[in-house]
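Working through the structure, step by step
Spelled out from the first residue to the last, the chains are:
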Amino acid sequence: MPTVAATPITPPDQHVVTAREAIEPLYEKLELQTESLVLSAALEAGWSPDEATEALAALRLQDALSILDERSGQ
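I will try to describe carefully the structure that is included in this document. Being a predicted model, the structure only gives us computed values, none of them experimental. (Residues numbered from 1 in each chain as written. Predicted model: local features only at pLDDT ≥ 70, side-chain atom pairs only at ≥ 80, totals over all residues. Heavy atoms only, no water.)

**Things to note about the overall build of the chain**
Looking only at helices and strands, the chain features two helices and zero strands. A globule of 74 residues ought to have a C-alpha radius of gyration of about 11 Å, yet the chain, at 20 Å, is considerably larger. Along the longest, intermediate and shortest principal axes, the C-alpha atoms of the chain span 55 × 40 × 25 Å. Counting across all 74 residues of the chain, residues that qualify as buried make up 5%. Taken as two groups, the 4 positive and 13 negative side-chain charges of the chain have centres that lie 6 Å from each other. (Helix = DSSP H or I, 4+ residues; strand = E, 2+ residues; numbered from the N terminus. Rg over C-alpha atoms; globule rule 2.2 N^0.38 Å. Buried < 20%, exposed > 50% of the residue type's maximum accessible area, 1.4 Å probe, protein only. Lys, Arg positive; Asp, Glu negative; His and termini not counted. Charge placed at Lys NZ, Arg CZ, Asp CG, Glu CD.)

Have a look at this one:
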């Protein structure tokens, strides 16, 4: 069985970037890919570009408001 060298783990106080800074580029890339897929599916289903864009914006707003409601209820 192959051996694996131990990888040192940097303590949180020595990180060069925050966790948010580290994951933000990937999050944005996934968000753009998801948006593209959703809009493409809506267009293929016969929605106009304006309808699809408006529906996606409404879903995002609903999601954001839901998150804010959850946080205010804690």
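**Here's the deal with the pattern of salt bridges**
Overall, the coordinates contain two salt bridges when judged by the stated rule. E24 serves as the salt-bridge partner of R20, at 3.9 Å between the closest nitrogen and oxygen. Taken together, the residues span about one helical turn, with R20 and E24 both in helix 1 (residues 19-44) at a distance of four residues. The class for E24 is partly exposed, based on a relative accessible area of 32%. (Salt bridge = Lys/Arg side-chain N within 4 Å of Asp/Glu carboxyl O.)

**Notes on helix 1**
End to end, helix 1 covers 37 Å across 26 residues, agreeing with the expected 38 Å (1.5 Å per residue, within 8%). Along helix 1, the largest kink reaches about 30 degrees and is centred on P25. Positioned one or two residues after helix 1, G46 has a phi angle of 100 degrees, which is positive. (Expected span 1.5 Å × (residues − 1). Bend = angle between axes of the 7 residues up to and from the residue.)

**Observations regarding the environment of L32**
Turning to its location among the elements, L32 is positioned in helix 1. Sequence separation between L32 and T7 is 25 residues, and the spatial gap between their C-alpha atoms is 33 Å.

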